[in-house]
Amino acid sequence: MLSRSIARHRLMAELVGFLPLIIFLALLTYVGLNAPNFMTLFNLKLVLMQSLPVVLLVTGLSAVVMAGGDDVVSGGIDLSIPATAVLCAGITAVLLASGLSLFVASLAALAAALAAGAVNAVLITRLRMTPLLTTLAMFVALVGINNMVTSRRRINLTDGHIGLLREDFVFGIPLGIVIVALVVLVAYHLLHRTRWGLNLQAAGGSRDAAEISGLKVDRLVAQSYLLAAFMGFLTGFFVLARGNGYSPGVENNLMLEMVLANFLGAAFSPRRVVTMWGAVLGAVLVAAISIGLKTIGVNVFWTDLVKGALILVVVALSAISQRVQ
Amino acid sequence: MASETAGTPLWRDIVVRFGFLIVFALFVVFFAAWNPVFVQGQNLMNIIEGSAILMIIALGMTLIVATGGIDLSVGIALDFGAAFAIVAMKSFGIHWFGAACIGIAGGALVGLLNAALVVGLRISPFLATLGTFFIGSSVQRIFTNGGGPISYRQMPDEFRSLALGDVFGVPSEVIIALVLAAIYFFVLERSVWGRRIHAMGMQRSAAVVAGIKVNRILFLCFVMASATCAFGGLIAAANIRMFTPLSGFAYLLDAIAAVFIGAALHPRGRPNIPGTVAGVLFLGVVTNGLNLMGLNFNTKDALSGIILVAALALAVAQRNMRKS
């Protein structure tokens, strides 16, 4: 009798646990039914292309959350990655426009990204500053530096190579998608299949336990911020490719979409933790919803409202399902 | 305290106690040397006047951070305060005082939503207020058809004097900020209620065990913080005689920075009103000083960002040295 009630309880919990995903799929189905063009291969490609920068960002962010723990305020979080990405895009665009080669421009961007990551790492692991606060402040500083570098102008892409990310195809699949898929696979291998990745997750799971078992937690956390900055560097190229050059002001939207995708991903995962696959799925779904709402003719002014409501519904459901369990 | 620091060298003692204030003073000296106008009475009043709205927002933020949370929707509360007040006067012809009250109630709506999400649904404050931020921004876009301002040129003089009036030469926005700061100081630092808030922010489970009604406090704090931010909206609306959608967002990061600088200045590292005031004034001094240096807009932007990071790092480093 008792066991049956436990079983029923668990079934309930699981059902509530799947609700976030069910709601999302229902929303997409609704869009699909109302806009027959939405469920086409062409549109799927569009959705994936649109999601690429955010996919790269959340891959970096999930590494940071894994290493630092998933408490939003005191745990690991890096809100500065979108600013790093935009700074890299700005530096690359300015240097390309001044006639330097893509290689030199990329090196300069990489140096800037790693410097930003290193400052984050030092402030968080040495000074013990709250990651949320540190990376939020870094976001402001990096955007400021980028505005100085680019003088807030639109800079058109002069180099053909970056445009290939959008225009070139490998076996009929856009090159950008192929590259991001490879990057995500490598990151997955690194974070989930290597000793380093497991140590990283151990550090985030329980800092004390990890330290007792001899892990250098601070070093792992610092490395996660450097990895995140590197992902920001990669994102820079996709920002350039997507906009066919640098335009000021893309960072705010990127940050919001990154955070949204990351926490949607956590709500999708069975144990409510931030995982890389969850985050990537979150990023793609956020792009799908944005494009989907546009296709069925929802006024642009409403999209933020829908996204905000989605965050709340999904996160509330995951909080409820945790309580039910 | 004296016995703890007895063995340390004098310079360390000085840095630990006054490090941030010394740097603050150095900034003032530097700006004054660059442009003597900086230390003139009129300019100092400009700094204080220019910091009034940030001050008000930072007060609300201090309260929320003291409970152990964070509020990303303070800017929305400011926007709602301005929008409700302007619309009440312009479209419904309501008396300016009634309109001001409606504005504050409009801001409090944002807090009610946050409180319902955080207390009722137990969503973490970061995510709940992020959701509120999204929804609030969208509501403003829908209402203004994409973000166009709502101007109200024939604003009653009394309402306009919320920003432009003065009492014995002190600008009224400064008076509003000071009165609110005094109320917050009393509530957070001198009342039983404030002690409960701090207890809850520092160790929530202990506070629950001690019988503190955590949920009720959280609820009131979110509503009070948002209602406070709406005052900032009233001043902004009175100042420019219009409601500009999404203008509150600009204050978010500075408010967070001021609160955390203030917390780092506190002996026990907790958010506190005098510290927040110091943080706000520091940010005001930097903004004003950089303006007077006549730098290019973009350069100024970059410098103030870098100074923000450095100031936070310094404040936290000082706190760490004090602890060790």
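Residues numbered from 1 in each chain as written. Chains lettered and ligands numbered in written order. Predicted model: local features only at pLDDT ≥ 70, side-chain atom pairs only at ≥ 80, totals over all residues. Heavy atoms only, no water.

As named in an unreviewed UniProt entry, chain B is ABC transporter permease, taken from Martelella lutilitoris. One UniProt comment on chain B, placed under Subcellular location (unreviewed entry), says "Cell membrane". (UniProt positions renumbered as here; feature names shortened; annotations may be inferred.)

As annotated in an unreviewed UniProt entry, chain A is ABC transporter permease from Martelella lutilitoris. Per UniProt, chain A has the following entry under Subcellular location (unreviewed entry): "Cell membrane".

Our focus in this paragraph is the overall build of chain A. Looking only at helices and strands, chain A features 13 helices and four strands. Its C-alpha atoms give chain A a radius of gyration of 20 Å, near enough to 20 Å, the size a compact globule of 325 residues would have. Viewed in the frame of its principal axes, chain A has a C-alpha envelope of about 75 × 55 × 35 Å. Within chain A, buried positions represent 54% of all 325 residues. Residue pairs at least 24 apart in sequence account for 77% of intrachain contacts in chain A once pairs closer than 6 positions are excluded. Working note: accessible area of chain A is about 14,300 Å², and carbon and sulfur atoms make up 67% of it. Distance between charge centres in chain A, computed from 21 positive and 13 negative side chains, equals 5 Å. (Helix = DSSP H or I, 4+ residues; strand = E, 2+ residues; numbered from the N terminus. Rg over C-alpha atoms; globule rule 2.2 N^0.38 Å. Buried < 20%, exposed > 50% of the residue type's maximum accessible area, 1.4 Å probe, protein only. Contact = heavy atoms within 4.5 Å. Areas by Shrake-Rupley, 256 points an atom, 1.4 Å probe, with all protein chains shown as cover. Lys, Arg positive; Asp, Glu negative; His and termini not counted. Charge placed at Lys NZ, Arg CZ, Asp CG, Glu CD.)

Attention now moves to the UniProt feature "transmembrane region" (unreviewed entry) in chain B. Residue and element names in this part refer to chain B. Mapped onto this structure's residue numbering, the UniProt feature "transmembrane region" (unreviewed entry) falls at residues 14-34, 46-66, 96-121, 174-193, 214-240, 246-265, 277-297 and 303-321. Taken as a whole, residues 14-34 contains 100% helix and 0% strand, while its terminal C-alpha atoms sit 27 Å from one another. Structurally, residues 246-265 comprises 85% helix and 0% strand, and the distance from its first C-alpha atom to its last is 31 Å.

It is worth spelling out the interface of chain A and chain B at this point. Each side of the interface is counted separately: chain A has 37 residues, and chain B has 41 residues. Together, the buried faces of chain A and chain B total about 3,600 Å²; carbon and sulfur atoms form 80% of this surface. Considering only the side of chain A, the residues that lose the most area to chain B are Leu-133, Phe-301 and Leu-312 of chain A, jointly responsible for 18% of the buried surface there. Summed over the shared surface of chain A and chain B, the number is two salt bridges. Note that Asp-301 of chain B is salt-bridged to Arg-152 of chain A, the shortest N-O span being 2.9 Å. At the boundary of chain A and chain B, one finds seven residue pairs in polar contact (both at pLDDT 80 or more). With 13 residues, the single largest contributor to the side of chain A that touches chain B is helix 13 (residues 300-324) of chain A. (Buried area = accessible area lost by both parts, 1.4 Å probe. Salt bridge = Lys/Arg side-chain N within 4 Å of Asp/Glu carboxyl O. Polar contact = N/O pair within 3.5 Å; in protein donor to acceptor, adjacent residues only side chain to side chain.)

All names here are of chain A. The backbone phi angle of Arg-128 is positive, close to 60°, even though this residue is not glycine. Of note, Arg-128 is situated in the loop between helix 4 (102-126) and helix 5 (131-150). For Arg-128, a relative accessible area of 45% translates into the label partly exposed. At Arg-152, a position not held by glycine, the phi torsion is positive, near 55°. Its place among the elements puts Arg-152 in the loop between helix 5 and strand 1 (155-156). Given the relative accessible area of 33%, Arg-152 is considered partly exposed.

This part takes up the confidence of the model for chain B. Residues and elements named next belong to chain B. Averaged over all residues, the pLDDT of chain B equals 89, while 97% of them reach at least 70. Low pLDDT (under 50) marks residues 1-5, which in the prediction has four contacts with non-local residues, meaning those over four places away or in another chain. For this predicted complex, the interface confidence reaches an ipTM of 0.83, while the overall pTM sits at 0.87. (pLDDT = per-residue confidence, 0-100.)

Let us look at the side chain of Asn-43 of chain B. Residues and elements named next belong to chain B. Tracing the backbone shows Asn-43 in helix 2 (residues 41-66). Overall, Asn-43 belongs to the buried group, its relative accessible area being 6%. Within the structure, the side chain of Asn-43 is placed 3.0 Å from the side chain of Asn-288, a separation counted as a polar contact.

Attention shifts here to the packing of helix 2 (residues 41-68) of chain A against helix 8 (residues 195-205) of chain A. In a pair of packed helices, the angle between the axes and the distance between the axes together describe the arrangement. Residue and element names in this part refer to chain A. The geometry of helix 2 relative to helix 8 is characterised by a closest axis approach of 5 Å and an angle of 60° between their N-to-C directions. Taken together, the axes of helix 2 and helix 8 lie oblique to each other. Taken together, the residues of helix 8 that come into contact with helix 2 (itself represented by Ala-63, Met-66, Ala-67 and Gly-68) are Leu-200, Gln-201, Ala-203, Gly-204 and Gly-205. Split into classes, the residues belonging to the contact of helix 2 with helix 8 amount to five nonpolar, four polar and no charged. (Axes fitted to C-alpha atoms, helices over the stretch in contact; angles between N-to-C directions. Parallel < 35°, antiparallel > 145°, perpendicular 65-115°, else oblique. Nonpolar A, V, L, I, M, F, W, Y, C, P; charged D, E, K, R; others polar.)

Before going further, it helps to examine helix 8 of chain A. All names here are of chain A. Taken residue by residue, helix 8 has Gly-197, Leu-200, Ala-203 and Gly-204 as its buried positions. Down the axis of helix 8, the buried side of the element spans an arc of 120°, and every buried residue falls inside it. Across from the buried face of helix 8, at angles greater than 90 degrees, the exposed residues are Arg-195 and Gly-205. Where helix 8 is buried, its residues contact helix 2, helix 7 (175-193), helix 9 (207-212) and helix 10 (217-243). (Arc of directions from axis to C-beta.)

The α-helix winds at 3.6 residues per turn, so residues separated by three or four positions along the chain end up facing the same way. Spanning 25 residues, helix 4 (residues 96-120) of chain B covers 35 Å between terminal C-alpha atoms, matching the ideal 36 Å at 1.5 Å per step. One or two steps after helix 4 of chain B, the chain reaches Arg-122 of chain B, where phi turns positive at roughly 55°. (Expected span 1.5 Å × (residues − 1).)

Residue and element names in this part refer to chain A. Summarising the element assignment, Ile-177 is placed in helix 7. Relative accessible area serves as the criterion here: at 12%, Ile-177 is assigned to the buried category. Distance from Ile-177 to Arg-166, taken between C-alpha atoms, is 8.6 Å for residues eleven residues apart in sequence. If sequence neighbours within four positions are ignored, Ile-177 has contacts with Lys-45, Leu-48, Met-49 and Leu-52.

This part is about the environment of Leu-15 of chain A. In this structure, Leu-15 of chain A sits in helix 1 (residues 2-34). In this structure the C-alpha to C-alpha distance between Leu-15 of chain A and Met-66 of chain A, which are 51 residues apart in sequence, comes to 26 Å.

What follows deals with the nonpolar core. Counting 217 residues, the largest nonpolar core has Met-61, Phe-126, Phe-159, Ile-256 and Phe-282 of chain B as the members making the most contacts within it. Leave out the neighbours within four places in its chain, and Met-61 of chain B touches Ile-70, Asp-71, Val-74, Leu-252, Ala-255, Ile-256 and Val-259 of chain B. (Core = buried A, V, L, I, M, F, W, Y, C linked by side-chain atoms within 4.5 Å.)

What follows concerns the packing of helix 1 (residues 10-34) of chain B against helix 12 (residues 273-292) of chain B. Residue and element names in this part refer to chain B. The N-to-C vectors of helix 1 and helix 12 enclose an angle of 25°; their axes lie 10 Å apart at closest approach. As the angle between them shows, helix 1 and helix 12 are arranged roughly parallel. Crossing of helix 1 over helix 12 shows left-handed handedness. Contacts from Phe-20, Phe-24, Phe-27, Val-28 and Phe-31 of helix 1 reach helix 12 at Ala-278, Leu-281, Phe-282, Val-285, Val-286, Gly-289 and Leu-290. Classifying every residue of the contact of helix 1 with helix 12 by side-chain character gives eleven nonpolar, one polar and no charged. (Left-handed = near helix turned anticlockwise from the far one by under 90°.)

Looking now at the packing of aromatic side chains. Residues and elements named next belong to chain B. Scanning the entire structure with this criterion turns up 15 aromatic pairs over all chains. Here the aromatic rings of Phe-30 and Trp-34 are separated by 5.9 Å at their centres, their planes lie at 50°, and the arrangement is tilted. One end of the pair, Phe-30, and the other, Trp-34, are both in helix 1, four residues apart, so they sit about a helical turn from each other. By relative accessible area, which is 40% here, Phe-30 ends up partly exposed. Taken together, a centroid distance of 5.5 Å and an interplanar angle of 40° make the contact between Phe-133 and Phe-249 tilted. Residue Phe-133 is found in helix 5 (residues 125-143), and its partner Phe-249 is found in helix 11 (residues 249-265); the two are separated by 116 residues along the sequence. Owing to a relative accessible area of 37%, Phe-249 belongs among the partly exposed residues under this scheme. Clustering of aromatic rings is evident, with ring pairs tying together Phe-20, Phe-24, Phe-27, Phe-30, Phe-31, Trp-34, Phe-38 and Phe-282. (Phe/Tyr/Trp six-rings, centres within 6.5 Å; stacked < 30°, edge-to-face > 60°.)

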